[in-house]
Amino acid sequence: MSVDVPAALSRLAVRLAGKGARAAEAQRLTGGASMETWAFAIEGPKGREEMILRRRSGPFDPENSRSTSLAAEAALISAVRAKGAPAPPLVHLCDEADGLGEAHVTRRVAGETLGRRINTDPKFDAVRPLLARQCGEVLARIHSVSPPAQAHLKTADAAVELDRYEEAYRTSGAERPVLELAFRHLRDHLPEARRPVLLHGDFRNGNLIVDPEKGLAAVLDWELSHLGDPAEDLGWICVNSWRFGRPDRPVGGFGDYEDLLAGYESAGGEPVPLGRVRYWQALGSLKWGVMCLMMYSSWATGAEASVERPMIGRRVSETEIDLLNILEAGL
Amino acid sequence: MITHPKPEELTEAVGRWIEQVRPQLDPRNQFLARVAANALAAVTRELTLGDQAQAAAVERLEAILGHGGNYRGLNWELCEKLRAGEMGVATPGLLATLRGNVLDQLAIDQPSYKYEGP
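Presented here is a report on the structure given in the accompanying data block. This is a predicted model, so every value here is computed, not measured. (Residues numbered from 1 in each chain as written. Chains lettered and ligands numbered in written order. Predicted model: local features only at pLDDT ≥ 70, side-chain atom pairs only at ≥ 80, totals over all residues. Heavy atoms only, no water.)

### Digging into the overall build of chain B
For chain B, the count of helices and strands is four helices and zero strands. When the helices and strands of chain B are placed in sequence order, the string is α-α-α-α. Taking 118 residues into account, the globule formula puts the C-alpha radius of gyration at 13 Å, and chain B, at 19 Å, lies well above it. Expressed as a percentage of its 118 residues, the buried residues of chain B come to 37%. Here chain B displays about 7100 Å² of accessible surface, and carbon together with sulfur accounts for 56% of that area. Here chain B contributes 12 positively and 15 negatively charged side chains, and the mean placements of these two sets differ by 6 Å. (Helix = DSSP H or I, 4+ residues; strand = E, 2+ residues; numbered from the N terminus. Rg over C-alpha atoms; globule rule 2.2 N^0.38 Å. Buried < 20%, exposed > 50% of the residue type's maximum accessible area, 1.4 Å probe, protein only. Areas by Shrake-Rupley, 256 points an atom, 1.4 Å probe, with all protein chains shown as cover. Lys, Arg positive; Asp, Glu negative; His and termini not counted. Charge placed at Lys NZ, Arg CZ, Asp CG, Glu CD.)

### Structural notes on the overall build of chain A
Across its full length, chain A carries eleven helices and ten strands. For 331 residues, the compact-globule estimate of 2.2 N^0.38 gives 20 Å, and chain A sits close to it at 20 Å. Over its C-alpha atoms, taken along the principal directions, chain A stretches across nearly 65 × 45 × 40 Å. Taken over 331 residues, chain A has a buried fraction of 54%. A separation of at least 24 residues holds for 66% of the contacts in chain A among residues at least 6 apart in sequence. As presented, chain A carries roughly 13700 Å² of accessible surface, and 51% of it is formed by carbon and sulfur atoms. (Contact = heavy atoms within 4.5 Å.)

### Examining the packing of helix H5 (residues 158-172) of chain A against helix H9 (residues 274-300) of chain A
Residues and elements named next belong to chain A. Between H5 and H9, the least distance of the axes is 9 Å, while the angle of their chain directions is 30°. Comparing their axes, H9 and H5 come out roughly parallel. For the pair H5 and H9, the crossing hand works out as left-handed. Between H5 and H9, the contacting residues are Ala 158, Glu 161, Leu 162, Tyr 165, Ala 168, Tyr 169 and Ser 172 on the first element and Tyr 279, Trp 280, Leu 283, Leu 286, Lys 287, Val 290, Met 291, Leu 293, Met 294 and Ser 297 on the second. (Axes fitted to C-alpha atoms, helices over the stretch in contact; angles between N-to-C directions. Parallel < 35°, antiparallel > 145°, perpendicular 65-115°, else oblique. Left-handed = near helix turned anticlockwise from the far one by under 90°.)

### With respect to the pairing of strand E8 (residues 208-211) of chain A
Residues and elements named next belong to chain A. Side chains of E8 alternate between two faces, with Leu 208 and Val 210 and Ile 209 and Asp 211 buried alike. Of the strand pairs in this sheet, E8 and strand E9 (residues 215-219) are connected by four bridges, and their pairing is antiparallel. Pairing of Val 210 across the sheet is with Leu 216, part of E9. (Pairing = 2+ DSSP bridges.)

### Section: the interface of chain A and chain B
On the chain B side, the residues contacting the 36 residues of chain A number 36 residues. Taken together, the two surfaces of chain A and chain B that pack against each other cover about 3300 Å², and 59% of this comes from carbon and sulfur. At the boundary of chain A and chain B, one finds six salt bridges. Put simply, the parts of the chain that give the side of chain A that touches chain B at least two residues each are strand E1 (22-29), helix H6 (177-188), H9, helix H10 (308-312) and helix H11 (316-329) of chain A. If you tally residues by element for the side of chain A that touches chain B, the top one is H11(A), at nine residues. (Buried area = accessible area lost by both parts, 1.4 Å probe. Salt bridge = Lys/Arg side-chain N within 4 Å of Asp/Glu carboxyl O.)

### Concerning helix H1 (residues 5-17) of chain A
Residue and element names in this part refer to chain A. If you check H1, its first and last C-alpha atoms are 18 Å apart, about what 13 residues at 1.5 Å a residue would give, namely 18 Å. Buried within H1 we find Val 5, Ala 8, Leu 9, Leu 12 and Ala 13. Buried residues of H1, seen end-on, are gathered within an arc of 150° and therefore sit on one face of the element. Buried residues in H1 make contact with E1, strand E2 (35-44), strand E3 (47-56), strand E4 (90-93) and strand E5 (103-107). (Expected span 1.5 Å × (residues − 1). Arc of directions from axis to C-beta.)

### Some remarks on the packing of helix H4 (residues 128-143) of chain A against helix H8 (residues 257-266) of chain A
Residue and element names in this part refer to chain A. Between H4 and H8, whose axes approach to 6 Å, the crossing angle comes to 40°. Judged by the angle between their axes, H4 and H8 are oblique. The element H4 and its partner H8 pack so that their crossing is right-handed. Two secondary-structure elements touch here, H4 through Ala 132, Arg 133, Cys 135, Gly 136, Glu 137, Leu 139, Ala 140 and His 143 and H8 through Asp 259, Leu 260, Ala 262, Gly 263, Tyr 264 and Ser 266.

### Remarks on the environment of B:Ile64
All names here are of chain B. Considering the arrangement of structural elements, one finds Ile 64 in helix H2 (residues 27-65). By relative accessible area, Ile 64 is classed as buried at 15%. Each C-alpha atom of the pair Ile 64 and Leu 78 lies 8.8 Å from the other, and the pair is 14 residues apart in sequence. Aside from chain neighbours lying at most four places away, what touches Ile 64 is Met 87, Pro 92, Gly 93, Leu 94 and Thr 97.

As structure tokens, then:
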């Protein structure tokens with residue numbers, strides 16, 4: 001499926017901003033293999049606006065995919081914004097006339113998304129200490145949203161996640177003792193069931209836009225949203241793989257557990273014990289380890305050709321050392 | 001094996017060339033070129049450290065399992081025991097064994113990775 005995205009964006013610019021409008025500076029940003037993200041600007045009679053296009057470039061199987069459709073993502077963005085959680089405002093859900101396939105356009109929110117810069121650039125020194133608390137507040141708001149019915153979100157608790165990822169691990173054929181230990185240990189220590197809430201599903205440093213003056217400005221990438229344990233989102237942002245060189249700051253490499261949980265409670269979230277967050281952090285490292293194996297497999301089977309895919313298989317060992325650290329500290 | 005050049009010198013040379021041309025590429029290919037250079041660097045480390053790491057892993061696996069064997073067989077046996085719950089976090093020496101093996105692997109895969117530590 002070959003689409004001339006810049007040309008299609010120019011036609012879309014006319015549709016959105018009127019005759020004479022055009023799309024400028026369309027550029028594909030570094031992104032996943034099945035989902036493309038493009039930055040562009042619409043220059044029209046009313047001025048210039050920075051936009052982001054998200055479009056699916058690979059096949060999509062809504063039954064078996066962990067991801068939602070982009071239409072569902074669009075519905076979610078609007079629902080969470082209504083509850084005061086910052087997501088980039090939706091501008092347009094694409095249809096057939098746009099010739100872009102499954103896609104949507106949001107406004108581009110100013111700020112930094114690169115985790116390493118957020119964690120080390122002096123520009124963010126002033127807001128960095130606020131971020132963990134802001135993340136907690138935003139997660140509490142997201143978790144309070146009634147999921148939009150048209151989004152058809154799936155529900156998954158820890159047992160379901162362990163089943164899914166253990167199956168993927170077995171299918172990969174890899175033999176990794178630390179992953180075996182983690183699967184067994186996490187299965188033997190399942191947290192008590194609790195009422196599922198709306199989760200972002202990929203809430204981590206890298207999917208946050210941080211403004212050097214205000215701090216957390218927007219949360220991106222809603223495609224893994226589902227219903228589940230609130231501690232899943234809280235634990236995911238603590239996974240060491242996205243602390244970007246700052247393992248001493250457990251929340252995203254910028255903050256502490258206490259601030260995350262205090263922010264969560266202050267915005268109306270039901271208190272979550274740290275142990276439950278650590279459990280999901282461990283499950284998060286385990287999931288990321290299996291995802292790395294899956295990405296390697298997608299190259300090994302010929303489904304994906306990018307050099308990025310096999311190399312990501314070499315990131316499994318990072319999740320193994322992180323898992324050992326959590327298991328040694330005790331769960 | 002021949003030594004003029006050694007395989008790790010070839011991977012190193014190609015990796016350096018990628019770094020040289022990388023700035024001339026478009027952003028997407030700059031990213032992929034960096035991944036490619038990282039891949040060659042990992043291969044270079046495996047060529048220089050791999051044999052030693054595997055020998056050390058076999059030694060640790062033999063000690064925890066109580067008998068000799070080759071890497072593949074010992075590693076598989078440990079996986080089976082962990083999966084069955086016959087060994088776990090409470091098994092004396094297990095976590096230290098796993099840590100030793102994982103740290104040697106990490107030194108090949110991603111030596112700059114910063115993990116939680118004392």
